[in-house]
Amino acid sequence: MSPDFCLDWPALRDALGRGEQLREYPKSHFTTKAGAWSLVKDPVTGDCAWVLAAGGAKEPLAEGVTLGDGRQAFPATYANLLTLKNLVQEADPGSTIFPTANEQVGRSTLGIGARFTTLHWPAVEWAMSALDLGVTANQNSIPRELVFDVDAMLAGNLDTVPFPFIGTTVPEGHQGQSVEGMSHGSILSKVKTGFHRRRIAWSFNADHQPIGGKFDTREDRLVEGCVLASYITFDLSPELAKTVVPEDAAGWVKANVPADLVQAVRTRIAGFDLTIDERAFAELLASVWPAMQKMKRRDEKYAAARARLFTTDVGRAYLRELSIDELPGLTTPETTAIMLALCEVMGMRIHFVAPAFGFQKNMPYPDNTALRGLIDQQWQICRRFDASIGFHSGSGKSAENYRVMGEATGSRLEIKTSGRYTYEMGRALHESQDARDAALWSDWYAFTVELAVAGAFSPDATEQKMARSFIADALVKSGRSADVFADRQATRAAIESLERSPEHMFWFEYNFLYVLAADGRAEKAALGDHSPAGYRQRARFYSISDQARLGFAKRVASYIVFLAEHTGLAPAERCAAARKRLEAYQEFAALVEDISR
Ligand SMILES: [Zn+2]
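Residues numbered from 1 in each chain as written. Predicted model: local features only at pLDDT ≥ 70, side-chain atom pairs only at ≥ 80, totals over all residues. Heavy atoms only, no water.

## Topic: the environment of I211
Here comes step 1: Locating I211 in the fold gives a position in the loop between strand 11 (203–210) and helix 6 (219–225).
Here comes step 2: In the structure, I211 is positioned 27 residues away from P238 in sequence and 6.0 Å away in space, judged by C-alpha atoms.
Here comes step 3: For I211, the residues in contact, after removing those within four places along its chain, are F234, D235, L236, P238, E239, A291, K294, M295 and R298. (Helix = DSSP H or I, 4+ residues; strand = E, 2+ residues; numbered from the N terminus. Contact = heavy atoms within 4.5 Å.)

In structure tokens:
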């Protein structure tokens, strides 16, 4: 949660000074012009320090102490991490300790939502190493899923996010971790496991950065918090939602959008096989122009923050994604073309664009021929801008769906996945033989049953309809009748007759809310709780057994292998070999040991 990975430096400094046996990560070594570095952790408190070998430069980081043997130690603070990034990248621009905007991850990648942070990264690192494939190894929506500012959280100033399917709002940052803490943790993980020795570039996507609307007032904190992200997704929907298109759109465009810019957009798409109706063109421009100006302003801020903090080109570079799948309806090729042309003439190179294909989260797309047609149309536009296609809500599609996405784009794509990994945690706990894991699974399942039953009898029409559909799906798939909504007792009895399985849709849909529910309570007021009660609950997941850790890591890694194979990002033989190695692990430590190979 904290941006710092050393909370009590005086205590750790003294322990180092006394020469106490702390855990030095044997694979963490790297060098900069300042000397040879390694990472050390106090196994009891978890506090970390960077240790510089004797003979190194004097005080390259802040708050250092010189030890009796001439080594220097520095606390693993966020401020020191920023300095270290410069030292590392000045010495070695190809270093893969930090996330970068490497060319390959800017063309073809998988977006891996890091729902369980330290439990999750080793699995992703293992998969990248085994496949020799860099991916978007850290991804989360900010401020929706991640706390954008720890101080705002501590002051009780987080906003709320509406969740119509549960008929309530939940505080933003509902996964509990902060963006700065997660940035820091994902980097330390690479050094601890020795992933950086494989020299595979990876990226960190600050997903769905909201542009405009109510987010204007805190955009500087959003920019500051995401400074270690090497990949920014721009989500224009907050500003689009409040933009009213004037009756005379053409007149408005003439008065408000620079004529040379409008002409440049027309010229850029002139040779394309599109039917652009003048009225629709003016209406689209009028609807997006306020948002585009704000996107440009925000983009300048992301660039300026990096220019201020980082000294190297590789350290300052970031990828851009334009998310337009939040616009109503399926995205037309005309809309994609105009949006990409606008970004280009405004000086914003777009690496990924996310049109709407009508995907439902965790549902296969029913018609592969239709899907290919939709993607083909979009790809004919994207390729002319050298942009790849971002597939949002990408979890849970069929192998054939992924193959179509890969083939239709020549693997110039990103599949974004996130909710899938919470499901994989449920499966790992469900299968574990450990008593504490079993208790966590049982409580987690019961939590979703309570939310489902309450939702099925909610006065809120949307909540009721959704809850009933989730319950009915689970019943029908288990060969039962879905006619169980006469009263609560009947509904509860029907659910209780089912095996407690992570395959039930009601568990799937409600599960993520359990992670930060105050003391695990299935009450709306308890959800997304950023007080100690919420974090006590979250800590249960971080104290699962090694058996569950191994099960979770295997499942996450095997899903990445599956995606990489079917999208064509990695050759089938390499995927088969990776799968075989993965199945053989009996110990979590063995999997982690193999990351650095
Ligand atoms: Zn999106």
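That was the structure; now back to the text.
## Description of the coordination of the zinc ion
Here comes step 1: Distances from the zinc ion to its protein donors, H208 (NE2), S323 (OG), D325 (OD), E326 (OE) and H392 (ND1), fall within 2.2 to 2.4 Å.
Here comes step 2: Along the chain, the residues donating to the zinc ion are arranged with the sequence spacing H-x114-S-x1-D-E-x65-H. Here the residue S323 occupies a position in strand 13 (residues 319–323), and H392 occupies one in the loop between strand 15 (388–391) and helix 14 (399–409), the gap between them amounting to 69 residues.
Here comes step 3: Of the residues examined, S323 reaches a relative accessible area of 2% and is grouped as buried.
Here comes step 4: Since its relative accessible area comes to 7%, H392 is described here as buried. (Donors = N, O, S within 2.8 Å, 3.2 Å for Na, K, Ca; no water. Buried < 20%, exposed > 50% of the residue type's maximum accessible area, 1.4 Å probe, protein only.)

## Points about the sheet that holds strand 8 (residues 136–141)
Here comes step 1: With parallel pairing, the eight strands of this closed barrel are ordered in space as 7-8-11-12-13-14-15-16. Here the strands of the sheet are splayed against their neighbours by 25° on average, with no regard to which way each runs.
Here comes step 2: Sheet analysis places strand 7 (residues 109–113) next to strand 16 (residues 413–417), joined by four bridges and oriented parallel. Bridge pairing in strand 16 places T109 opposite E414. (Pairing = 2+ DSSP bridges. Axes fitted to C-alpha atoms, helices over the stretch in contact; angles between N-to-C directions.)

## Considering helix 2 (residues 78–91)
Here comes step 1: Look at helix 2: 20 Å from first C-alpha to last across 14 residues, which is about the 20 Å you get at 1.5 Å a residue.
Here comes step 2: The buried count for helix 2 comes to ten of 14 residues, which makes it a mostly enclosed element.
Here comes step 3: Among all positions of helix 2, only Y78, N80, L81, L82, L84, K85, N86, L87, V88 and Q89 are buried. (Expected span 1.5 Å × (residues − 1).)

## Description of the pairing of strand 7
Here comes step 1: Taking burial as the measure, the five residues of strand 7 include five buried ones, the bulk of the element.
Here comes step 2: The two faces of strand 7 match: T109, G111 and G113 on one face and L110 and I112 on the other face are all buried.
Here comes step 3: Summarising the sheet, strand 7 and strand 8 pair through two bridges and their orientation is parallel. Bridge assignment links G113 to a residue of strand 8, and that residue is Q139.
Here comes step 4: A crossover connection joins strand 7 to the parallel strand 8 through helix 3 (residues 117–131); in handedness this β-α-β unit is right-handed. (Right-handed = clockwise from strand over helix to strand, strands pointing away.)

## What about the packing of helix 3 against helix 5 (residues 179–193)?
Here comes step 1: Contact geometry for helix 3 and helix 5: axes closest at 10 Å, N-to-C directions at 50°. Considered as vectors, helix 3 and helix 5 are oriented oblique to each other. Relative to helix 5, the crossing made by helix 3 is right-handed. Contact residues: helix 3 offers T117, W121, P122, E125 and M128, while helix 5 offers M182, G185, S186, S189, K190 and T193.
Here comes step 2: Here the residues of the contact of helix 3 with helix 5 are counted per class, giving four nonpolar, five polar and two charged. (Parallel < 35°, antiparallel > 145°, perpendicular 65-115°, else oblique. Left-handed = near helix turned anticlockwise from the far one by under 90°. Nonpolar A, V, L, I, M, F, W, Y, C, P; charged D, E, K, R; others polar.)

## Quick look at the pairing of strand 3 (residues 35–41)
Here comes step 1: Counting buried residues along strand 3, five of its seven residues qualify, which places the element largely inside the surrounding structure.
Here comes step 2: Bridge count between strand 1 (residues 23–24) and strand 3: two bridges; the pairing is antiparallel. Looking at the pairing, R23 lines up with K41 of strand 3.
Here comes step 3: Judged from the three bridges that link them, strand 2 (residues 30–32) and strand 3 form a sheet pairing that is antiparallel. Counterpart to F30 in the pairing with strand 3 is W37.
Here comes step 4: From the end of strand 2 to the start of strand 3, which pair antiparallel, there are two residues.
Here comes step 5: Summarising the sheet, strand 3 and strand 4 (residues 48–52) pair through five bridges and their orientation is antiparallel. In the sheet register, L39 faces strand 4, and the bridge partner there is W50.
Here comes step 6: Hairpin connection of strand 3 to strand 4: six residues between the antiparallel strands, including G46 at a positive phi of 85°.

## A closer look at the packing of helix 12 (residues 333–345) against helix 13 (residues 368–382)
Here comes step 1: Orientation of helix 12 relative to helix 13, taken along the N-to-C sense of each, is 20°, at an axis distance of 9 Å. Classified by the angle between their axes, helix 12 and helix 13 sit roughly parallel to one another. The handedness of the crossing between helix 12 and helix 13 comes out as right-handed. Contacts between helix 12 and helix 13 involve P333, T336, A337 and L340 from the former and Q377, Q378, I381 and C382 from the latter.
Here comes step 2: Residues of the contact of helix 12 with helix 13, tallied by class, amount to five nonpolar, three polar and no charged.

## Topic: the side chain of T109
Here comes step 1: Along the chain, T109 turns up in strand 7.
Here comes step 2: Given a relative accessible area of 0%, T109 falls into the buried group.
Here comes step 3: Of the polar contacts made by the side chain of T109, one reaches the backbone nitrogen of T136; its length is 2.9 Å. (Polar contact = N/O pair within 3.5 Å; in protein donor to acceptor, adjacent residues only side chain to side chain.)

## Description of unusual backbone geometry
Here comes step 1: Look at the link from I142 to P143: it is a cis peptide, with omega at 10°.
Here comes step 2: Along the chain, P143 falls in the loop between strand 8 and helix 4 (150–154).
Here comes step 3: Its identity is not glycine, yet E63 carries a phi of approximately 60°, on the positive side.
Here comes step 4: One can find E63 in the loop between strand 4 and strand 5 (65–66).
Here comes step 5: One non-glycine residue, T117, adopts positive backbone phi at about 30°.
Here comes step 6: Relative to the assigned elements, T117 resides in helix 3.

## Topic: helix 14
Here comes step 1: Those residues of helix 14 not exposed but buried are N401, Y402, V404, M405, G406, A408 and T409.
Here comes step 2: Looking at the buried side of helix 14, the elements it contacts are helix 13, strand 15, strand 16 and helix 21 (546–567).
Here comes step 3: Of the residues one or two after helix 14, G410 is the one with positive phi, at around 60°.

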